[in-house]
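A structural walkthrough
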Amino acid sequence: MRDTDLYAQILGLQTPWYVSGVLLNRSDSNVTVQVAAQSAQWHCPRCGKPSPRYDKRTCRWRHLDTMQYHTILEAEVPRVQCDEHGVLLVDVPWAEPGSGYTAMFESVVIDWLLRTDSQSVAQMLGLSWGVVDRIMQRAVARGLARREELYPVNISVDETSFQKRHEYVTVVTDQDSSRVLYVADDRTTQSLDGFYKTLSTQQCDGIRSVAMDMWPAFIRSTLESVPDALHKISFDKFHVAKYLGDALDKVRREENRTLQRDGDTRLNRTRYQWLTNPNNMSREQKQHFAHLRQSTLRTARAWAMRQEAMSLWDYKSRGWAQKGWSSWLGWAQRCRLEPMKKVGQTIKRHLWGILNAVVLKSHNGHSESMNSRIQRIKRQACGFRNRERFRNAIYFHCGGMDLYPKAISV
Ligand SMILES: [Zn+2]
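Every chain is numbered on its own, with residues counted from 1 as its sequence reads. Given that the model is predicted, a residue must reach a pLDDT of at least 70 before its local features are reported, and side-chain atom pairs must reach 80 or more before they are shown or counted; all residues, however, enter totals for whole chains, interfaces and linings. Note: side-chain values were computed over all heavy atoms of the structure, leaving out hydrogens and water.

1. Focus: the coordination of the zinc ion
Distances from the zinc ion to its protein donors, Cys44 (SG), Cys47 (SG), Cys82 (SG) and His85 (ND1), fall within 2.1 to 2.3 Å. Think of the donor list as every N, O and S atom within 2.8 Å of the metal, or within 3.2 Å for Na, K and Ca; water never makes the list, so a site can look incomplete. Irregular is the label for any site that misses the other tests, which are tetrahedral for four donors with all angles between 85 and 135 degrees, and square planar for four donors or octahedral for six when opposite donors exceed 155 degrees and the remaining angles lie between 65 and 115. In this structure, the zinc ion is surrounded by four donor atoms whose angles at the metal cover 105 to 114°, and the resulting shape is tetrahedral. Going along the chain, you hit the donors of the zinc ion in the pattern C-x2-C-x34-C-x2-H. Only protein chains enter the calculation, and the probe is 1.4 Å; a residue is then buried if its accessible area is under 20% of its type maximum, exposed if over 50%, and partly exposed in between. By relative accessible area, cysteine 82 is classed as buried at 4%. Note on histidine 85: relative accessible area 26%, which makes it partly exposed.

Laid out in structure tokens, this is it:
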């Protein structure tokens with residue numbers, strides 16, 4: 001088989017395109033595959049109208065390597081003259097307009113980006129970081145443009161910190177498909193308003209539950225945009241657990257300081273044990289922890305309160321859940337553990353949304369897993385220098401979108 005035929009087959013070229021030559025440059029370790037076009041009826045790339053050929057331009061694309069040789073596709077691409085759109089390059093079947101890389105090459109970059117960080121992909125494929133970043137951004141733009149109209153039913157709204165601790169982005173997730181639907185700057189009312197504005201009245205009507213943290217801006221935005229939101233906003237288990245965990249840790253630290261003054265080191269280095277699920281402990285850890293939690297320590301009381309609160313998510317009816325929570329809130333009021341008492345007051349003010357979460361059975365584990373996926377993206381990128389990139393990376397990895405370029409052949 002001739003090298004020109006071999007490449008024509010590998011590239012899947014069809015008439016009028018054909019391989020006119022293959023140049024091997026050993027000193028630079030590259031192969032140039034020359035492609036030309038026979039005369040044909042060309043069409044305007046904008047409107048598709050048959051248009052006369054005007055002239056041609058030489059264009060180049062990087063393609064997948066041939067063994068150890070960088071491979072460049074070089075083609076004489078006709079320009080057509082459309083009555084309406086003027087003189088334009090025709091579309092080629094192996095690459096998207098404006099890209100210096102074949103669709104197949106971009107697809108490989110996207111495949112790798114889904115598995116590892118941009119820096120490693122750039123090094124491995126001998127590309128600059130900027131090129132990899134542009135391929136990623138184009139993939140996201142493509143994915144967003146292809147996305148069908150959204151009809152979310154159960155959604156989660158979360159904030160996630162970005163680079164500096166006090167900078168945030170707001171992330172809206174579809175709980176049913178575990179896809180990120182929307183990413184906005186900051187965590188203000190406007191941040192979330194931006195998402196609701198992308199939905200029609202009918203789409204807003206279709207929302208059944210909105211799981212979120214007890215964050216006033218998100219509550220306000222949802223109350224204004226989603227009909228009957230008072231019965232749909234859910235302060236889910238994951239977020240409430242976090243408040244209780246923080247309060248429990250405060251109790252432990254304070255008590256540990258007091259104990260240490262008397263030489264009692266029982267609470268030293270026990271943070272993990274109090275906050276972790278006993279089911280995840282080794283047998284030895286379990287035994288040690290059993291002593292601690294059965295003790296008269298204030299921390300043990302706070303722990304019991306948190307455990308009890310966590311079990312209140314199992315109710316099915318609103319009435320019983322309300323009874324359970326009321327009794328728990330009474331306990332929190334009387335407990336003389338200041339941090340727990342404070343969380344109790346927060347919970348009391350937001351009980352309506354907690355009860356919604358209990359009866360709507362908002363997916364509790366969901367928010368946590370999406371959050372940890374986003375944290376991983378952040379770690380991989382070693383901090384994002386701008387929000388735009390962070391936002392793109394979230395869409396790229398968590399948007400569940402079709403990211404790949406479409407090409408007729410190749
Ligand atoms: Zn046209």
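2. Focus on the pairing of strand S2 (residues 30-37)
Along any regular strand the residues' side chains alternate between the sheet's two faces. Elements are defined by DSSP. Helices are runs of H or I of four residues or more, strands are runs of E of two residues or more, and each kind is numbered from the N terminus. Burial analysis of S2 places seven of its eight residues in the buried class, which makes it a mostly covered element. At least two bridges found by DSSP between two strands are what make those strands a pair. Inspection of the sheet shows strand S1 (residues 17-25) paired to S2 by eight bridges, in the antiparallel sense. Across the sheet, residue tryptophan 17 finds its bridge partner in S2, namely alanine 37. Between the antiparallel neighbours S1 and S2 lie four residues, among them serine 29 with a positive phi of about 55°. Direction of pairing for S2 relative to strand S6 (residues 69-82): parallel, over a ladder of six bridges.

3. Topic: unusual backbone geometry
Geometrically, the link from threonine 15 to proline 16 is a cis peptide bond, its omega value of 10° lying close to zero. Tracing the backbone shows proline 16 in the loop between helix H1 (3-11) and S1. Residues other than glycine seldom take positive phi values, yet serine 29 does so here, at roughly 55°. Within the chain, methionine 67 stands out as a residue other than glycine whose phi angle is a positive 50°. Relative to the helices and strands, methionine 67 is located in the loop between strand S5 (53-66) and S6. You can call methionine 67 exposed: its relative accessible area is 71%.

4. Looking at the side chain of aspartate 193
Mapped onto the elements, aspartate 193 comes out in helix H5 (residues 189-197). Here aspartate 193 is buried and forms no salt bridge, its nearest opposite-charge partner lysine 197 lying at an N-O distance of 5.2 Å. We treat Lys and Arg as the positive residues and Asp and Glu as the negative residues; His and chain ends play no part in the count. The salt bridge definition used is simple: a Lys or Arg side-chain nitrogen within 4 Å of an Asp or Glu carboxyl oxygen.

5. Re the packing of helix H2 (residues 103-113) against helix H3 (residues 118-125)
Fitting a line to C-alpha atoms yields each axis, with helices limited to the stretch in contact; the angle taken between N-to-C directions then spans 0 to 180 degrees. Two elements in contact, H2 and H3, have axes separated by 9 Å at closest approach and are oriented at 140°. Here H3 runs oblique to H2, going by the angle between their axes. For H2 against H3, the interelement crossing comes out right-handed. Contact with H2, carried on its side by Val109, Trp112 and Leu113, involves Ser118, Val121, Met124 and Leu125 of H3 and no other residues of that element. Small angles under 35 degrees read as roughly parallel and large ones over 145 as roughly antiparallel, with 65 to 115 read as roughly perpendicular and the rest as oblique. Crossings are assigned a handedness: left-handed for a near helix turned anticlockwise from the far helix by less than a right angle, right-handed for a clockwise turn. Residues are treated as being in contact if the distance between any of their heavy atoms lies within 4.5 Å.

6. A look at the nonpolar core
Counting 88 residues, the largest nonpolar core has Trp325, Trp328 and Ile347 as its most contacted members. Not counting chain neighbours up to four residues away, the residues in contact with tryptophan 325 comprise Ala309, Leu312, Trp313, Ile347, Leu351, Ile354, Leu355 and Val358. Here, nonpolar core refers to any group of buried Ala, Val, Leu, Ile, Met, Phe, Trp, Tyr and Cys residues whose side-chain atoms link them within 4.5 Å.

7. Points about the environment of arginine 336
Mapped onto the elements, arginine 336 comes out in the loop between helix H12 (318-334) and helix H13 (338-349). Overall, the relative accessible area of 66% leaves arginine 336 in the exposed class. Here the alpha-carbon distance between arginine 336 and alanine 37, two residues 299 residues apart in the chain, equals 84 Å.

8. Describing the domain arrangement of the protein
On domain assignment, one finds that the protein holds domain 1 (3-94) and domain 2 (237-360). Between domain 1 and domain 2, the C-alpha centre-to-centre distance is 67 Å. Note that domain bounds follow an automatic or database assignment of domains.

9. A closer look at the packing of aromatic side chains
Aromatic ring pairs are defined here through the distance separating the ring centres and the angle between the ring planes. Centres within 6.5 Å make a pair out of two Phe, Tyr or Trp rings, where for Trp the six-membered ring is used; the pair is then stacked when the planes are under 30 degrees apart, edge-to-face when over 60, and tilted otherwise. Taken as a whole, this structure holds 11 aromatic pairs when the rule is applied. Taken together, a centroid distance of 5.3 Å and an interplanar angle of 85° make the contact between tryptophan 313 and tryptophan 325 edge-to-face. Here tryptophan 313, found in the loop between helix H11 (298-311) and H12, pairs with tryptophan 325, found in helix H12; they are 12 residues apart in sequence, far enough to count as distant. Taken individually, tryptophan 313 and tryptophan 325 each receive the classification buried, so the pair is uniform in this respect. Here the aromatic residues Trp17, Trp42, Trp61 and Trp94 are joined through ring pairs into a cluster of three or more. The cationic tip of arginine 187 hangs over the ring face of tryptophan 215; the distance from NZ or CZ to the ring centre is 4.1 Å. Counted as over-ring charges are cases with an Arg CZ or a Lys NZ within 6 Å of the ring centre that also lie within 35 degrees of the ring normal.

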